[in-house]
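Read off the chains here:
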Amino acid sequence: MSSTVEIQTDPTKRGHWTSSQEVRWCPGCGDYGILAAMQFLHTELGVKRENSVFISGIGCAARFPYYMNSYGMHTIHGRAPAIATGLALARPDLDVWVIGGDGDMLSIGGNHLIHALRRNVNIKILLFNNQIYGLTKGQFSPTSEVGKVTKSTPMGSIDAPFKPLGLAAGAGASFIARTHDLDRKHMMATFKRAHEHKGAALVEIYQNCNVFNDGAFDAIVKRANRDEMMIDLVHGEPILFGAEKQRGIVMHGGGATIAEVADVGLDAIAIHDEKNPDPSVAFALGQMADNRQSPTPFGVLRAVEQQEYSEAVENQLKLAKKNQGEGNLHDLLHSGATWDVE
Amino acid sequence: MTNTADRVDKTNLDQVVIRFAGDSGDGMQLTGDRFTSASALAGNDVLTLPEYPAEIRAPQGTVAGVSAFQIHISDHEIYTPGDEPDVLVAMNPAALKSQIARIKSGGTVILNIDAFDERNLTKCGYEVDPREDGSLDDYIVHEVPMTSLTVGATADIDVKKRDAERSKNLFALGLVSWMYTRSLEPTIDWVEKKFAKKPEVVAANIAALKAGHAYGETTEMFADQFEVVAAPHAPGTYTNITGNAATAWGMIAAGELAKLPIFLGSYPITPASDILHELAKHKNFGIRTFQAEDEIAAAGAAVGAAFGGHLAFTTTSGPGVALKGETISLANMAELPMVIINVQRGGPSTGLPTKTEASDLLQAVYGRHGESPLPVVAAYSPSNCFDMAIEASRIALKYRTPVILLTDGYLANGAEPWNLPDVDGLPDISVEFTTEFNAEDANGNPAFYPFLRDPETLARPWALPGTPGLEHRLGGLEKADGSGNVEYSPENHELMSRLRKAKVDGIASDIPLVEVHGTGDRDTLLVGWGSTAGSITYAQTLLEQEGTPVDRIHLTHISPFHSNLGEVLKRYKHVYVPELNMGQLVKMLRSEFLVDAKSITKMKGLPFTAREIMSGMNQHIDGVVA
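About the criteria used
Residues numbered from 1 in each chain as written. Chains lettered and ligands numbered in written order. Predicted model: local features only at pLDDT ≥ 70, side-chain atom pairs only at ≥ 80, totals over all residues. Helix = DSSP H or I, 4+ residues; strand = E, 2+ residues; numbered from the N terminus. Rg over C-alpha atoms; globule rule 2.2 N^0.38 Å. Buried ≥ 20, exposed ≤ 12 C-beta atoms within 10 Å, placed from the backbone. Contact = placed C-beta atoms within 7 Å. pLDDT = per-residue confidence, 0-100. Domains from an automatic or database assignment. Nonpolar A, V, L, I, M, F, W, Y, C, P; charged D, E, K, R; others polar. Pairing = 2+ DSSP bridges. Axes fitted to C-alpha atoms, helices over the stretch in contact; angles between N-to-C directions. Parallel < 35°, antiparallel > 145°, perpendicular 65-115°, else oblique. Left-handed = near helix turned anticlockwise from the far one by under 90°.

Novice: Is there a simple way to explain the overall build of chain B in this structure?
Specialist: Scanning chain B for helices and strands turns up 20 helices and 24 strands. For chain B, the C-alpha radius of gyration of 27 Å lies close to 25 Å, the compact-globule estimate for 626 residues. For the C-alpha atoms alone, the extent of chain B along its principal axes is close to 95 × 60 × 45 Å. For chain B, the proportion of its 626 residues judged to be buried stands at 56%. Long-range pairs, those at least 24 residues apart, make up 76% of the contacts in chain B with a sequence separation of at least 6.

Novice: Sorry if this is basic, but what is going on with the confidence of the model for chain B here?
Specialist: Residues and elements named next belong to chain B. With 98% of its residues at a pLDDT of 70 or more, chain B has an overall mean of 94. Counting interchain partners and residues more than four positions distant, the pLDDT-below-50 stretch residues 1–7 has three contacts. If you check the scores for this complex, the pTM reads 0.93 and the ipTM reads 0.96.

Novice: Please clarify how the domain arrangement of chain B should be interpreted in this entry.
Specialist: Reports often express the size of an interface as the amount of accessible area lost when the parts come together. All names here are of chain B. Split by domain assignment, chain B resolves into domain 1 (9–228), domain 2 (239–425), domain 3 (432–511) and domain 4 (524–621). Domain 2 puts 23 residues into the contact, and the matching count from domain 4 is 19 residues. Going through the elements one at a time, helix H13 (361–366), strand E14 (376–378), strand E15 (402–408) and helix H15 (409–413) are the ones with two or more residues in the side of domain 2 that touches domain 4. Classifying every residue of the side of domain 2 that touches domain 4 by side-chain character gives 16 nonpolar, four polar and three charged.

Novice: Please explain the sheet that holds strand E7 (residues 140–144) of chain B as it appears in this structure.
Specialist: Within a beta sheet, neighbouring strands are joined by backbone hydrogen bonds and run either parallel or antiparallel to one another. Residue and element names in this part refer to chain B. In spatial order, the strands read E3-E4-E2-E5-E6-E7; together these six strands make up an open sheet with mixed pairing. Edge positions in the open sheet fall to strand E3 (45–51) and E7, since each of these has one partner strand only. Pairwise comparison of adjacent strand axes, ignoring direction, gives a mean angle of 15° for this sheet.

Novice: I would appreciate a short explanation of the sheet that holds strand E22 (residues 557–559) of chain B in the present structure.
Specialist: All names here are of chain B. The strand order across the open sheet formed by seven strands is E11-E10-E12-E13-E15-E14-E22, and the pairing between neighbours is mixed. The open sheet has two free edges, formed respectively by strand E11 (288–291) and E22, since each of these has just one partner strand. Put simply, the sheet's adjacent strands are angled 20° from each other on average, direction ignored. Pairing geometry for strand E10 (residues 262–266) and strand E12 (residues 311–316), over five bridges, is parallel. Directly across from Phe-263, in E12, lies its bridge partner Ala-312.

Novice: Any chance you could explain the interface of chain A and chain B here in plain terms?
Specialist: In this assembly, 58 residues from chain A lie in contact with 67 residues from chain B. Breaking the side of chain A that touches chain B down by element, the ones donating at least two residues are helix H2 (64–67), strand E2 (71–74), helix H3 (80–90), helix H5 (110–119), helix H12 (309–324), helix H13 (329–333) and strand E14 (338–341) of chain A. With eight residues, H3(A) is the single largest residue contributor to the side of chain A that touches chain B. Partitioning the side of chain A that touches chain B into residue classes produces 25 nonpolar, 23 polar and 10 charged. Where E14(A) and strand E9 (residues 236–242) of chain B come together, four bridges link them in antiparallel fashion. If you follow A:Trp339 over to E9(B), its bridge partner there is B:Tyr238.

Novice: Even after reading the chapter, I still don't get the packing of helix H1 (residues 31–45) of chain A against helix H7 (residues 184–196) of chain A, so can you show me in this structure?
Specialist: Residues and elements named next belong to chain A. Between H1 and H7, the least distance of the axes is 9 Å, while the angle of their chain directions is 55°. What the angle tells us is that H1 and H7 run oblique. Judged by the sense of rotation from one axis to the other, the crossing of H1 with H7 is right-handed. From H1, Gly-33, Ile-34, Ala-36, Ala-37, Met-38, Phe-40, Leu-41 and Leu-45 reach across to H7, where they touch Arg-184, Met-187, Met-188, Phe-191, Lys-192 and His-195. Grouping the amino acids of the contact of H1 with H7 by side-chain chemistry returns 10 nonpolar, two polar and two charged.

See the structure below:
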């Protein structure tokens, strides 16, 4: 039976990236679209499936690795960024993706998320934000809006929500982006940018939970609303939106506001600079996420070059070998004061 | 240096126990370390017991701030750091007050009288100066103005008075080195290396050391000089080693022997942090040390590294193991090799962070949710930590399982001479990664089944990301026997639960038998595990001298047990189990083997003395305790 003969499939076809496991999300779940985008992206990336690893925590989204025909690990609640960090440090040769929901990443795993981002470990974190606990059947999450009525908040949630991209900027993330589950092309383009980025990448995906929080993002991402509610960020271009590009973002001391171009003039509109070393600009954009009410930025908020962590680790190993010589066990054991007994 | 040995009598001692005590800023640990090193280099058998407060710097001059270091040196093999010290060096009144009760009646007490002012006496609660109230009448007391003599000795050196005063511990070391005819050279070498960049500190410390030595030599006060000659050690090259250093070196050795890179995920915690520090110094072995954001991430990163094919460790103490529990269970379910090292300390909660205890045994064996059996091994001496780190790694790699190695604060910080092993004689613990298909799927196509077990070891194949064709998904959900796909069926869960248990149980045939120390035909057996080995061995020696000989066994493997353990236990009429907990191993022995094993316990944050073990046995015999 031992053989390395593999059933050959075409890596440029989706089937090459699809595992034999039946996908078991609720019919109509936004996760299907995200899975498809990831599989289609891999038909274009020119990578080998043995070199891709998907690590997830717990939650609906966390089933994702079982459906990708690659290496993967479905781990424990909140810990995927930590486990992925260990793998990425041990094996800098791999593409390590981290999959998790808003409860997984921002509640139980919030600590691991911010530390993975500030260290700039080379992992690509996809945050499936549906603003609800789905797998446990409908409790409010750390991104749910104040007043949300759920099984655990019958009188409405009183917790102020996290804005994940502002949080990422605060943690010093080098790559921050947002996309949504209804636009495969946008997802693929955003995931591709994350993949190309050297260091930690956080991509927030507005993802619909059609069972426990249906339509949470309709006011923004439904086709009819997109022109007025989605702000497409393009590096080097003025940040404009609206059917006639009649509105834009003005940056001012410590924040970003929406203005009518007619009122302020085109020159007052901010030019998007994803490479801006000052994270406060990305923070201001990241905080513009009052999802049901106001226009929200999409695309890459921030993509800056910073020392990638595993590279820094490898550099220290090389330096130690240069300074101390290749490790020798006998020499180590004899490195303290020794004496001989005849 | 002139030798005035003709003026004093040099008496040969077979052993001596010395206790250095002072304020936690007085450098007592360093003093003890240096005396240990010089004694080990002189060929003595040595064992040490460092004790320090949990606070970095408790209020100066108080009993809470006392830091002590006990050292037992001998011309023969010793097993404990000494029941009752013969000599106390007390750098201030608080040190005297907190330590004097431990000192042998008739013992020697050396006081730094410069610290015996009213303020310091009051601070530690002395109403009357103990030198004047007769409370020290049972001791030979030497009053030495160590601080002022040190300042005087360093007068010509360009150091601030405060810095000069700080060298008084070296004065004490010099004095005690003279008393016990220890060479100053190893300490001088060490000081020169340690403070190479601060020549004035080197000069002050060496001046203080020599002044202390000269003081012993020239004053009439010290009429006696003692010598403890070298112990008859087995031939070999020796070094002095602490348990934490031996653990770290064992981990490095395991990586070399397994031919795998080492990954350590760790979070700072007393008394385990020194393992992280030691490994971080040796990145030239290709070791990746990762100081994580918390205990959970430290264990998680180790799981990730294990998936990637590294020999993965996480080091911690009891509170950290509690936090890592869920992650260890994941490694258990995913059947990934990993070594969890618990340097035990007093608990529960923060407990006694700097004191020793062996109360995490049940946590190690049983302390996870679900049925999650895993191997547990325990080191019995500082140098044995080296061997057990290799053994834990061997089992983890061969059986693809998390393994817990238990050491404790006493082993971690205690030191002993170690007959260095020949590196070429260490075992090969390398394993093979799977690189080819091992099964056929339902359609008859070649496939990789990550849970198709080795029929002998029941270990599953270990295939690394990056291996073409063997893509597979691990995880915490129950997996189908063989294929490893998610599987919830009742039959499969029962089968997999039993397979995981059978795999761990089967390791019993792959570990050494437990060895009976003694004649094997006595009616009483002492059973130990962990750091109690020395105290139990010494108790056995004393019992033999008193005409009531007993046999002794010591468990290095606790899950699974040594395969002959039940048979050995059943040979004895009386079985006593001394433990630094409230009776954890004894519970396991009683439930596993239905033997009437009796428990002897201690919960004081200190190792057993041999006498405590003997008195514990007597209490059972007298019917004082059940």
